[in-house]
Amino acid sequence: MEMPKSYNILLLAINLTSRCNLACHHCYLDAGTLQQGSPNELTTPEVCELLNDIAQRSPETMIVLTGGEPLIRNDLEVLIKQGTQLGLAMVVGTNGMLLTDKRVQALKNVGILGVGISLDSLNPAHHDAFRGMQGSWDKTMLGIENCRRHHLSFQLHFSVTENNADELPAMIDFARSSGARVFNVFFLVCTGRGQLMSDISATRYEQILKYLIDAQAQNQDLIIRPRCAPHYKRIAHQQQPESLLNQISGMEGDGCIAGTHYCRITPTGGITACPYIPVEMGNIRQRPFWDIWDNEFKELRTPQLRGDCGDCEYQKLCGGCRARPLAAGGHLMDADTLCTYQPEGNAIIQPLQNLNLKWTPEAEQRMTRIPAFLRQMVKKRAEAYVAELGEPLVTSEHLAVLSARRFGGKPSV
């Protein structure tokens, strides 16, 4: 059975191992698991078989190999090479400590698209305390430098808390100067070891999201993205309700896509909607991946939201984080516990539908140069931009302007 296009999987995270060389305070895994790993972790042939299944039906999917710490797996290069040969975009999420000069070159040689590196402070002592190991900051910074020197594309991942939120301006400056393509700001969901942490307040959460929206407008040479923070869709719309770009649903790729365009595989083959929703919907050792994907995420695809989320006019743009009420002991569909907005009883804002504008052959050709996993979102954004201009045809010039806005420089057709 082929799924409707709206539920194709764009991003698949595979937790290759639960072992890690750090003991981060916020990790969704417990300390014992981090040290000893999970028994019966997926084997190399099992992961390769999964990659083959994904590529046969959805070659546009991006595969994120993560952990634990995925660089601990000695078959990592084998898996990346296999996925790359199948036409999949292969990336790795890492704490960066094992990104030695030799390892970075090995990853490049097998065709890796890029890496995401966790960096939580420019203060070595704070980062080391957050990550649970003295000297981790130095090793991570060396890993970043090795990526830069060997031209391996990388993103920086920043987990924001009350203790480091004031560092955001400096972190954005560092991300830009270091050569990162993307700066991802993650908002913690208190599960696993993170249950021991005090999260940021709802008021502070709102302030940070507003800051990130403004920071993106002022930093066109760096993509700045809030993660696990669908509320930014509501805030952006409140700031510019007339913008068609702000009317695109978060489920289209820039909000929460858990269970709609994304899921994760646990080290032992379980499938969950996201790392912070621990309920396994099936296991690839017992059922085919696509059988689970097609049939087990209906609650997230047609959500019946409760409480303030269910009454909110922004429920189809934002929808809240579904993991937070669950982590707080509630139901998956309860109101997000980290949102200050009070619904005003207005009509539900309907997301932007497909505009189906015509495209020039040159614009269509340019789209083929965009990684497959991004094309659907880029297409919708491009059509919204052109529609706002009041024009009926998407051209390569329009795409060049949008690209320049994202990555700096002058538009280049």
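One can find the structure itself at the top, above this paragraph.
Quantities reported herein were computed from a predicted structural model and do not represent experimental measurements. (Residues numbered from 1 in each chain as written. Predicted model: local features only at pLDDT ≥ 70, side-chain atom pairs only at ≥ 80, totals over all residues. Heavy atoms only, no water.)

Colleague: Just to check I follow, could you spell out the packing of aromatic side chains for this structure?
Modeller: The relation between two aromatic rings is expressed through the spacing of the ring centres and the mutual angle of the planes. This model, assessed by the stated rule, comprises six aromatic pairs. Ring geometry for Phe187 against Tyr205: centres 4.7 Å apart, planes inclined by 70 degrees, an arrangement best described as edge-to-face. A residue pair is termed long-range when its members are at least 10 positions apart, and Phe187 in strand β6 (residues 182–187) and Tyr205 in helix α8 (residues 202–218) qualify at 18 residues. Here Phe187 falls in the buried class, since its relative accessible area comes to 1%. Take Tyr205: its relative accessible area is 1%, and that puts it in the buried class. Three or more aromatic residues joined by ring pairs make a cluster, and in this case those are Phe289, Trp290, Trp293 and Phe297. The lysine or arginine in question, Arg301, covers the ring of Tyr7, its NZ or CZ lying 5.1 Å from the ring centre. (Phe/Tyr/Trp six-rings, centres within 6.5 Å; stacked < 30°, edge-to-face > 60°. Helix = DSSP H or I, 4+ residues; strand = E, 2+ residues; numbered from the N terminus. Buried < 20%, exposed > 50% of the residue type's maximum accessible area, 1.4 Å probe, protein only. Lys NZ or Arg CZ within 6 Å of the ring centre and 35° of its normal.)

Colleague: For this particular structure, what's the right way to read unusual backbone geometry?
Modeller: Leave glycine aside and you will find that most residues have negative phi; peptide bonds, for their part, are mostly trans. Note that the residue after Gly67, namely Gly68, is joined by a cis bond; omega there is 15 degrees. Along the chain, the position of Gly68 falls in the loop between β2 (62–66) and α3 (76–85). Phi at His151 takes a positive value of approximately 60 degrees, unusual for a residue other than glycine. Topologically, His151 is positioned in the loop between α6 (136–149) and β5 (154–160). For His151, a relative accessible area of 67% gives the class exposed.

Colleague: Even after reading the chapter, I still don't get the pairing of strand β1 (residues 11–15), so can you show me in this structure?
Modeller: On any regular strand, side chains alternate: one points to one face of the sheet, the next to the other face. Within β1, four of the five residues are buried, which leaves it mostly tucked inside the rest of the structure. Strand direction decides the pairing type here: β1 and β2, joined by five bridges, are parallel. Across the sheet, the residue bridging to Leu11 is Met62, located in β2. For β1 and strand β8 (residues 262–265), the ladder comprises four bridges, and the chain directions are parallel. Paired with Ile14 across the two strands is Ile265, which belongs to β8. (Pairing = 2+ DSSP bridges.)

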